[in-house]
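Each chain, written out:
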Amino acid sequence: MDNKKSQDQNTIDRRDFFKKAAAVSVTALAGTSLLANESAGEGDPAIMHHTKWGQKWGDPVTKNQYGIPSAYEHNVIRRSTKLLASGNFRASIAVTPIHESQGIITPNGLFFSRSHGGTAHVDPNEYRLMIHGLVEKPIVLTLAQLKRYPSVTRTHFIECPANGGQEWRGPQFNSVQFAKGFMASAEWTGVYIKTILEDLGLKPTAQWMLAEGSDNSKMGRTIPVDKVLDDAMIVWGQNGEALRPEQGYPVRLLVPGWEGNLCVKWLRRLEFSQEPWYCKEETSKYTDLKPTGKAIQHFYANEVNSTVTSPSPEIPWTDLKEGDVVEIEGLAWSGMGTIKAVDLSFDGGKNYVEANLKGLVLSKSWTRWSYMFTIPKKFQLDGKQILLTSRAIDDAGYIQPTIDQEIGIMGVEAVYHRNAVETWEVTEEGKVNHVQIRSV
Amino acid sequence: MFKLEAYNKLLISTSVAAVVAFSVVGCMGDSTEPSGSTTSVSLDIDGGVSYPVVNNKTSDYYVNPQAIGAKINNGRVPNAAELAKWDTDLQPATPLSPEGHGIPEGSGSVEDGETLYEAQCVMCHGDFGSGGGGYPALSKGNAVDLQKTLTNNRWKDPEADGPTRVFGSYWPQATTMWWYIRDGMPHPFSDSLSIDETYALTAYILNINEMYVDGEEVDDEYVLNRAKFLKIKMPNVDGFEPVISGANVLGGVKAYFGKASNFGGRNLNQGAEHCMKDCQEPTAKIKRIQNGGIKDFIPAMNVTRDLPKKEVVAIDVKKTYTESCAMCHSAFLSPGSGDWAGYTPKGIDKVYANGINGTESGMPAKGGADLSDADFKTMVDYLISGKVK
């Protein structure tokens, strides 16, 4: 849009705004809804009474020298289930409360946490990173030396490819935290591996890189050099501070857009080779079994995906009534590129309208989307309960499949990389339930 | 040697191809079968786009062009002992690499493996590797037979048998097992088994999967060593796609992920439609959560904003004394002094009250400590009696 046009648009928008505001206030005076909310006589105690915090000293600035959330936010936490409890919660996952997520950044304390041998606590003074194999010069770096490389800062989500993987055969979790919260997003700071390889010299026969953690399980994964030379990073910073132990303190790999499992935490070693490694977590697990009996190995990217976060089973519409205007909000993301568009359906994916992208739209990042909606009687449209389904498209051309389309190729035993559209059903009372729209 | 400049040029040229391809993106009508389409725009090995640096920017991010191609020379070259200590990974024998990598000399018997298993593994992995307690099964029976279950799919019949994915039936390489036992097992105290012990446990796991090595049954008398290990062929070695072993395979991997139908994807550049009306299969219906679903969330789901319930935690009397009382009460009225009655003839309740509220003679309210009244009384009792209740 050019400047002239955009100025005109602004003028119209502002005029429009005053007109609408006037209309709303007339409605408010004439209608009964506001009066009904007014407390008879005494007024709202939250306004009329003195507050505890308003009449005496608060904490000195010396308290909580590392800040912590308000005590009232104690329910905004990572959660787990027994289903995901393997290894006495040491080969397990705790998932992010994405129903409470704001914007496209997850606070470090809420970032989903997955480990294969428990959270390691690494002494940064004893931290070493070794890079060897098919390089002209192998090296070992201390943490300080690693941080001397020119840094880059990027906002990327990390998603466990098993996000939604418990629901291939039908919905299981009446919760967006568990149905889609095997992911989180942060601003990461580190160094491109290709920058370090400028020093070391990669030999032309190198095809694969092993990334290995120093934790109890020595978590390892094989990564093709194409990605290493594109945007793979070694990171030490997360949202402006050091990585948390649960995210691999002091150093993890970040493979933007790809399976979270490839982003090896507590990273200690990178080795280059002509042949791949067949690590435990790229053979026994993190492989997608198809109905042909063949399994996809090295299934790298988390494909285009989206979800409605508000409403959700956790944040229903039970406080809303017919005529209320509400924002439907959600997340879209793709490990294969940048979100181009999000469509929203009110009938479970039969018909779609375009939703609006909102805020920063970055590559391989969470992207917010929004749609303004007026609540209909009994939460019904055309006599049927609302079925909210979102569908994202990325700039590589990928569009989320229907469940039938995806399982038509992948079957229901793949475990990982499920990205078919997902649906919330809104009941007559405004409650929100997780359902799926599928033929079998 | 790898040249970054050349690599960036390559990326830019492919991105131009992408722009051309994107210009034809649009609704392509009904597309029930995207496979076979060749209008792929996959630019990266994963089937997605990449963002090469153009005019000092990559996607929305500025880059410092001085940092590209800069020689920095941080760190030092590791010595042989350091490399040997950490380079403990295994790679299987392949046509390109007939000896594999990192497979050490050593040996171990099924018999020793069973003894070790019973001592260190069975509590998690169950009898004969049957699994349980949240730890994976290592065997479900005959590996060759179970490999045939991999085509099982509970798509239409939820009561049908699913595929059995255990070491014998599913894993493509035995090096994975050997390496993981050596580096990652036993889970609570890993990296503690010797090379021979690792061979013994591997032999035992081959045994309970009823496997053969080079035509020989891995029976109870079997002894595994490096030479035999190199000859293990897992039943499902060819069960994976795309091909990742061999020289110059990355092009094939890229081609595989360049075709959306290989992995259940839908791509507008490969015949998928951006459908806005009548998009759902006519047979599709609402499937709801069965039997309540999974809801044993830890902790339970809760979106209220209230104060957490205070847990009743016993106060650490001696620590609190040292931190909050000792500065004054080691000199007088120290723990066990017992003579408080002389100061407060009005009784113990007055002692408590004075302490809680503070006194003009110098006692700060609760000694300045952040304590409940009950905890403060506990501290007073300690000072009087000298005993921790």
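Residues numbered from 1 in each chain as written. Chains lettered and ligands numbered in written order. Predicted model: local features only at pLDDT ≥ 70, side-chain atom pairs only at ≥ 80, totals over all residues. Heavy atoms only, no water.

Participant: Explain the domain arrangement of chain A residue by residue, including any values.
Facilitator: Residue and element names in this part refer to chain A. Domain annotation of chain A identifies domain 1 (92–286) and domain 2 (305–435). With centres defined by C-alpha atoms, the gap from domain 1 to domain 2 works out at 28 Å. At the junction of the two partners, domain 1 supplies 39 residues and domain 2 supplies 37 residues. Across the interface of domain 1 and domain 2, roughly 3,100 Å² is buried in total on both sides, 60% from carbon and sulfur atoms. (Domains from an automatic or database assignment. Contact = heavy atoms within 4.5 Å. Buried area = accessible area lost by both parts, 1.4 Å probe.)

Participant: Talk me through the pattern of salt bridges; I want residue IDs and the actual numbers.
Facilitator: In the structure shown here, the tally under the stated rule is 32 salt bridges over all chains. With a closest N to O distance of 3.0 Å, R418(A) and E422(A) form a salt bridge. In this structure R418(A) comes out as buried when scored by relative accessible area, which is 4%. We classify E422(A) as buried; its relative accessible area is 6%. Ionic pairing is found between R76(B) and E82(B), a salt bridge with its closest N-O pair at 2.9 Å. With relative accessibility at 41%, the residue R76(B) sits in the partly exposed group. The network of salt bridges with common partners includes E212(A), R268(A), R269(A), E271(A), D87(B) and D89(B). (Salt bridge = Lys/Arg side-chain N within 4 Å of Asp/Glu carboxyl O. Buried < 20%, exposed > 50% of the residue type's maximum accessible area, 1.4 Å probe, protein only.)

Participant: Break down the domain arrangement of chain B for me, citing the residues and quoting the values.
Facilitator: Residue and element names in this part refer to chain B. Domain boundaries in chain B define domain 1 (1–96 + 260–274), domain 2 (98–229) and domain 3 (317–385). The interface of domain 1 with domain 2 comprises ten residues on the first partner and twelve residues on the second. The contact between domain 1 and domain 2 buries some 960 Å² in all, and 60% of this surface belongs to carbon and sulfur atoms. It is L90, Q91 and P92 that lose the most area in domain 1 upon contact with domain 2, and together they represent 57% of the buried surface on that side. Viewed at the interface, domain 2 and domain 1 are joined by zero salt bridges. Along the contact surface separating domain 1 from domain 2 lie four residue pairs in polar contact (both at pLDDT 80 or more). Its residues placed into classes, the side of domain 1 that touches domain 2 shows five nonpolar, three polar and two charged. (Polar contact = N/O pair within 3.5 Å; in protein donor to acceptor, adjacent residues only side chain to side chain. Nonpolar A, V, L, I, M, F, W, Y, C, P; charged D, E, K, R; others polar.)

Participant: Let's hear about the pairing of strand β8 (residues 208–213) of chain A: which residues, and what values?
Facilitator: Residue and element names in this part refer to chain A. Burial within β8 is extensive, with six of its six residues counted as buried. Alternating residues of β8 divide into W208, L210 and E212 and M209, A211 and G213, and every residue in both groups is buried. One ladder, built from six bridges, connects β8 with strand β13 (residues 267–273); its direction is antiparallel. Across the sheet, residue A211 finds its bridge partner in β13, namely L270. Pairing analysis gives five bridges linking β8 to strand β9 (residues 220–224), with the strands arranged antiparallel. For M209, the partnering residue across the bridge sits in β9 and is I223. Hairpin remark: β8 followed by β9, antiparallel, with six residues in the connecting loop; positive phi at K218, about 50°. (Helix = DSSP H or I, 4+ residues; strand = E, 2+ residues; numbered from the N terminus. Pairing = 2+ DSSP bridges.)

Participant: How would you summarise the sheet that holds strand β18 (residues 339–345) of chain A if you had to cite specific residues and measurements?
Facilitator: Pairing in this open sheet of six strands is antiparallel, and the strands run β19(A)-β18(A)-β24(A)-β25(A)-β26(A)-β8(B) from one edge to the other. Bordering the open sheet on either side are β19 (353–354) of chain A together with β8 (285–288) of chain B, each of which pairs with just one other strand. As paired elements, strand β26 (residues 432–438) of chain A and β8(B) share four bridges and run antiparallel to each other. Note that in β8(B) the partner of R438(A) across the bridge is K285(B).

Participant: Kindly report on the interface of chain A and chain B, identifying the contributing residues and their values.
Facilitator: Each side of the interface is counted separately: chain A has 144 residues, and chain B has 129 residues. Taken over both partners, the interface formed by chain A and chain B buries close to 12,100 Å², and the fraction arising from carbon and sulfur atoms is 55%. Among the residues chain A hides against chain B, the three largest losses belong to E198(A), E275(A) and Y278(A). Together they make up 6% of the total. Scanning the region where chain A abuts chain B turns up eight salt bridges. Between R269(A) and D87(B) there is a salt bridge, with the nearest N and O atoms lying 3.4 Å from each other. In terms of residues, the side of chain A that touches chain B owes the most to one element, helix α9 (residues 403–410) of chain A, which gives seven residues. Class assignment for the residues of the side of chain A that touches chain B results in 57 nonpolar, 48 polar and 39 charged. In this structure, strand β1 (residues 80–81) of chain A lies alongside strand β9 (residues 297–298) of chain B, joined through two bridges in antiparallel fashion. Within β9(B), the position partnered with T81(A) by the bridge is F297(B).

Participant: Describe in detail the sheet that holds strand β15 (residues 295–296) of chain A, supporting the description with residues and values.
Facilitator: Read from one edge to the other, the open sheet built from three strands follows the order β14(A)-β15(A)-β7(B), with strand pairing classed as mixed. Only two strands of the sheet have a single neighbouring strand rather than two, namely β14 (288–289) of chain A together with β7 (240–241) of chain B. Inspection of the sheet shows β15(A) paired to β7(B) by two bridges, in the parallel sense. Paired with I296(A) across the bridge in β7(B) is E241(B).

Participant: Please provide a residue-by-residue account of helix α7 (residues 174–184) of chain B, values included.
Facilitator: An α-helix turns once every 3.6 residues. As a result, residues three or four positions apart point the same way. Taking burial as the measure, the eleven residues of α7(B) include ten buried ones, the bulk of the element. Every buried residue of α7(B) is listed here: A174(B), T175(B), T176(B), M177(B), W178(B), W179(B), Y180(B), I181(B), D183(B) and G184(B). Among the structural elements, β8 of chain A together with α6 (167–170), α8 (195–208) and α9 (226–229) of chain B are those in contact with the buried residues of α7(B).

Participant: Any details on the confidence of the model for chain A? Residues and values, ideally.
Facilitator: When pLDDT is averaged across chain A, the result is 92; 91% of the residues are at 70 or more. Here residues 24–35 of chain A is modelled with pLDDT under 50, and outside its nearest four sequence neighbours on either side it reaches one contact, counting other chains as well. (pLDDT = per-residue confidence, 0-100.)

Participant: Talk me through the pairing of strand β5 (residues 139–142) of chain A; I want residue IDs and the actual numbers.
Facilitator: Residue and element names in this part refer to chain A. As defined by bridge partners, strand β4 (residues 128–133) adjoins β5 across four bridges and the pair is classed as antiparallel. Looking at β5, one finds that L129 is bridged to L141. Counted along the chain from β4 to the antiparallel partner β5, the turn is five residues long.

Participant: Break down helix α13 (residues 373–385) of chain B for me, with residues and values.
Facilitator: All names here are of chain B. Helix length check: α13 (13 residues) gives 18 Å between terminal C-alpha atoms against 18 Å at 1.5 Å per residue, within 8%. Turning to α13, its buried residues are F376, M379, V380, D381, Y382 and L383. Looking at the packing, one finds that the buried side of α13 touches α11 (317–329) and α12 (348–357). The first or second residue beyond α13 is G386, which carries a positive phi of 75°. (Expected span 1.5 Å × (residues − 1).)

Participant: Can you lay out the packing of aromatic side chains for me, pointing to particular residues and giving the numbers?
Facilitator: One pair of aromatic rings is described through two measures. These are the centre distance and the angle between the planes. One pass over the full model with this rule turns up 23 aromatic pairs over all chains. Ring plane angle 45° and centroid distance 6.3 Å describe the contact between F173(A) and F297(B), whose orientation is recorded as tilted. Taken together, the positions of F173(A) in the loop between β6 (152–159) and α6 (176–180) and F297(B) in strand β9 put the pair across two chains. No difference in accessibility class separates F173(A) from F297(B), as the two residues are buried. A centroid spacing of 4.7 Å and a plane angle of 20° characterise the contact between F346(A) and F373(A), whose relative ring orientation is stacked. Residue F346(A) is located in the loop between β18 and β19, and its partner F373(A) is located in strand β21 (residues 367–374); the two are separated by 27 residues in the primary sequence. (Phe/Tyr/Trp six-rings, centres within 6.5 Å; stacked < 30°, edge-to-face > 60°.)

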